[in-house]
Amino acid sequence: MPSTEALAPPNTPAAGKVSRTVLDNGLTVLTKEIHHAPVATFWVFYRVGSRNEGPGITGISHWTEHMMFKGTPTFPNRVLDRAISRVGGQWNAFTSSDFTAYYETLPAGEIDLGLQIECDRMVNSLFDPDEVSSERTVIISERQGAENNPMFLLSEEVHAAAFRIHPYRHTVIGDMVDLERISRDDLHAHYRRYYNPNNAIAVAVGDFDSDAMLARIVELFAPLKPGPDPRPVHRVEPEQRGERQVTVEGDGETSYLALAYHAPNATDLDFLPLSVLAASLVGASGPGGGGTNKSSRLYKALVETELAAAVGGGIGPMIDPPLFTMSATLRAGGDLAELETALDAELERLLTSAPVTEEELIKAIKRAKAAFAFGSESVTSQGSWLGLSEITAGSHVWFQNYLANLQKVTTEDVARVAANCLDRRRRTIGRYVPSTSEPMNRGNGTKSALMHESA
Amino acid sequence: MTDSNRTTRPSIPGPHDIVRHTLDNGATILVRENHASPSIVIDGLLRAGAADTAPEKAGLASFAAAGLLRGAGKRTFSRIFEDMESIGASLSFSAGQHTTEFSGQCLSEDLDLLLDILRDALLAPTFPAEQLEKLRGQFITGLQIRANDTRSVARLEFFKLAYPSDHPYSRSADGTVETVSAITRQDIVSFHRQHYGAGGMIISVVGDVDPAAVVRKLDARLGATPVLQQPSSELPSLLPLTGMQQRFVPLPGKTQSDIVLGIPGPIRAADDFLHARLANTILGVFGLMGRLGASVRDDQGLAYYAYSELTGGLGPGPWRFSAGVNPANVSQAALSMRDEIRRLQEEPVPAEELADNKSYLVGSLPLHLETNSGVSDTLVNIELYRLGLDYLQRYPEMMMQITADQVQAAALKYLNADTYAMAVAGPPGGE
C-alpha cells in the first residue's frame, strides 16, 4: 500500500487524527476515528459536477447521481434503500458545481454496508433505460419545483450574466431543453468517464478502528481498475469589463435584489479574508458559518432601517473563482431603487470610511470556533467537510487548518480583499420584480443554486 | 468495528444519566452531560400558543415569540444579537398551536451569557414599539411570500379543509396580513403576561455541562417565573369529515403543483400512537419515502417528492400526505396516494416489510441521538408527553411487539380512503 500521512488534530476536543492514503488505483482515502457516539459515516466524492458540463448536457451530473440509486446487479433497485433503512441508517447524495458526493451514515457496527454499496456502484450501476425514462420526469419535476421559487429564477439569471465562459454559468439542475433530450447513453458515458477510483475520494469518519477501516477499504476498492484521467476544465472566465444587470419578472408581490461579485477560489490566499468580509456584511458562511446575521452590516443598514425584510448571502470554497453574493428581500410596500441605493452606500462606506474592524475580525474567528465545535458533534458533517475540502482546495488540510489560518487574517488583509473584490465594474446586479401584467411563458434559463440535495 | 479506545461514547439516554429537576414554580429542568465537544444545546417550551389566541388576532403567539428578542432586560435588540453573534451563539423562539418553543446553542464557555438572555427574554421582554413595527413589516413580507409559495398555500388550504372553522387548527399559527396588521403592542404585552408562566415549562440542557451547576444557574434565573393560572386551551370537539373536501388554488406563473391530502390524526398520548407511527413509516417514510415514494416517485416518475407525515402532538394534528408534481399529473398522484391508504387498510403488511420498518424505527435511534440537539429535542418530548425517563430503553421492545393487525387497525381507525381533505396549489388549469 502506498504512503499514509498522518496530520495533527485541529483544535476541537472531539476531533481525531485524519489519515490520508492514496491507493495504487488512484483512490484517495481519508479516515478519521472518533468515538463520541456509536455511529460512523462513509462518503465517496467524485470530481465531477455541473462545472464539467457544457451546452447540451447541462444537468447530466445531477441526473447521473439520481441513477446511482437505481441499482446494480448485486444490489437491485430498492434493495439498497431497504438495506440501509433496515439498520436505521441514512443515505443521500449531493451534486454541486464542483463535485458529486454520496454518503451512508450508520450505526457503527453496520458501516461495512456503506463501503460495499459505494464500491459496487462506483462501477456496476445499471442505467436501465426504463429507469432513465421514469427519472426524467422526476428530474423535470425537481426543476419545476425550483422554478416556483423566485430566488432560484433570479440566481439562475445572475449566474448566467456574471459568467460568460465558465460553466458556473448554468445551474446544477440543468436547462430544461437539455433535461428533455439527454439520453440513456449520454448518462452512461458520463458515468463511465468520471466514476473511477482515480477520480474519487473516500472518507470514513466515526466509531471504528482506523487500521481495520483502512484495511477493509483497501480490500474492497483496491481491485477496481483506474480509468483515463477526465478532461480538465479550461474555461477560465475572462475579467468582467463593466457592471451587468439582469431583471426577472415573475409572480407574487415581493421584490428581491441580488449583488454578485467575482470572488477568490478556495486555494486563493484571499479566500479567508473574504470570508471575514462576508461575515461582517451578511453573516458567517462556509465552514465557520451558521447562526443568525442580525448584527451584520447589511442587516443594520437595510433591515433595521425597514428597507428590507431580510438579507442573506455568503461565500463557500470552490475549485474555480465563484461569486460572492449578497441578497435582500424588499420589505412589503418598499422601493427597490431606494434599497439598492442604501446597499451601495453601505458598501461604499466599508470601502472608504468604515473598513472591517479588529472587533469584527475577532467575532468572525470566535463564530468559526463555535461552528467547528458544533460541527464536531456530527460524523456526517465532518465527513462532508473533509471531502469537500479535498475536492475544492486540493487537500483536507484546508479544513483541518481552517481555524488556525483564519486567526492569521488581519484587518489589512480584509481591506485589501474588499477593495479588490467589491469593484462595481466587476459585479452583476439582479432584480426580481413582480409582473404588472399577465404571467409570461417561461423561457429556459441557466444557472443557480450551487447545491442540490437529492433523494 | 472494535470496542477498544472508546472514551466518551455515551449510551442511550435514560434514568441513569438524565438529571431531572423541578423548580418550586413547577418548571422542569432536564440535563444530560456530553463532553465530547465544548458545546451546549438548550431547548425548551412553555404553554402558550396560537390556540390560546382569538381568531381575529391570529399570529399573536408567533408575534409575541418573535418579539421576545427585540429588547429584553437591559439589552436592546441590537445588543442582544451583537452579544450572541459575537460568541457564535444562537437563540430563537417560535410559537405553535399549544406551545412557545425555544432553541439555543453556544460554546460551553459562554453558557452564562446565553442563560441571561434566555431569562430576560422569557421574564423581562420590553417589546419596544418601534421594534414591533419592524417585526410587523417583516411578518407581512413573509406572509406575502407565503401566499406565492405553492407548498405553503397547499398546506394552509389543507388545514382549512380538514378542520372546522371554529377549530384553531383551521387557522395558520402565523396569521394573515389582516390579522397581523390588527395586533397591537398591548395585545402582545397582555399575551405575555397571561400565558408565559412556569406551569408546564420545560428546559433541556445537553452537552459540556455540570448538571448540578446548570440546575443552580436555571433556578437562579427562572425560579422567579410566575406560577400562572394559565388558561388551558380547550379544543372544540372534532367530528369526522363528512365527504371529500377538495380545493384547488390557482397560482399564475407557477410550473409545479403541490398536493396535501389527509385527515386529523391521533394525539401523541393515544394508546395506539406507536401503531399509527409504524403505519405512517410504512406508508411514506421508510427509505426513500415508503410506499408513496416507491409508487409515486420511483415507479411512476410523477414527483420529485412524495411522503407522509404524522404530527401526533398535544392535540389532533394532521396525518397528511404531500407530493410535488407536474400539473398534468395531479389526479394520478392523488389517486395513487388514495390507493396506498386503501392498501394499508385492506391488506395486512407483509411480515418482512413490517420487520424492516420496525427495525428502522428502532435502529435509527443512535443516529438521532448522536448530536446534542438530537438528545435535547428527545428529552423535551419525553417530558412533554410524560413518556418516562426510561422511554428510550422501553421503546425498542414496545415497537417490536406491534403486530400487522395493530398497524392495520390504526390505518382503519384514523385514515379513510374515501373521505379526506385535499388541497392543491399550482398553475391555473392544474386541478
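Residues numbered from 1 in each chain as written. Chains lettered and ligands numbered in written order. Predicted model: local features only at pLDDT ≥ 70, side-chain atom pairs only at ≥ 80, totals over all residues.

Structural notes on the pairing of strand 3 (residues 28–33) of chain A
On any regular strand, side chains alternate: one points to one face of the sheet, the next to the other face. All names here are of chain A. Heads up, the condition is: Between the buried cut of 20 or more and the exposed cut of 12 or fewer other C-beta atoms within 10 Å of a residue's own C-beta lies the partly exposed class, and all C-beta atoms are placed from the backbone. Put simply, DSSP H or I for four residues or longer makes a helix, DSSP E for two residues or longer makes a strand, and each gets a number counted from the N terminus. Strand pairing follows a simple DSSP-based rule, namely that at least 2 bridges must link the two strands.
Most of strand 3 sits out of view: 6 of its 6 residues are buried. Here strand 3 shows no split at all, with Thr-28, Leu-30 and Lys-32 on one side and Val-29, Thr-31 and Glu-33 on the other all buried. Examined bridge by bridge, strand 2 (residues 18–22) and strand 3 share 5 bridges and lie antiparallel to one another. Directly across from Ser-19, in strand 3, lies its bridge partner Thr-31. Between strand 2 and the antiparallel strand that follows it, strand 3, lie 5 residues; Gly-26 among them carries a positive phi value of about 95°. One ladder, built from 6 bridges, connects strand 3 with strand 7 (residues 200–206); its direction is parallel.

Focus: the pairing of strand 4 (residues 39–46) of chain A
All names here are of chain A. Strand 4 sits mainly inside the fold: 8 of its 8 residues count as buried. By the alternation rule, side chains of strand 4 split into Val-39, Thr-41, Trp-43 and Phe-45 and Ala-40, Phe-42, Val-44 and Tyr-46, which are all buried. Summarising the sheet, strand 4 and strand 6 (residues 100–107) pair through 8 bridges and their orientation is antiparallel. Counted as the bridge partner of Thr-41 is Thr-105 from strand 6. Across 7 bridges, the pairing between strand 4 and strand 7 is antiparallel. Its bridge partner lying in strand 7, Tyr-46 is registered against Ala-200.

What about helix 7 (residues 184–194) of chain A?
Residues and elements named next belong to chain A. Selection criterion: In this description, the arc belongs to the directions extending from the helix axis to the C-beta atoms. Throughout, a residue-residue contact means that the two C-beta atoms, derived from backbone geometry, are no farther apart than 7 Å.
Considered for burial, the residues of helix 7 that qualify are Leu-187, His-190, Tyr-191 and Tyr-194. Buried positions in helix 7, seen along its axis, are confined to an arc of 100° and lie on one side of it. Contacts made by the buried residues of helix 7 are with strand 4, helix 1 (60–67) and helix 4 (129–147).

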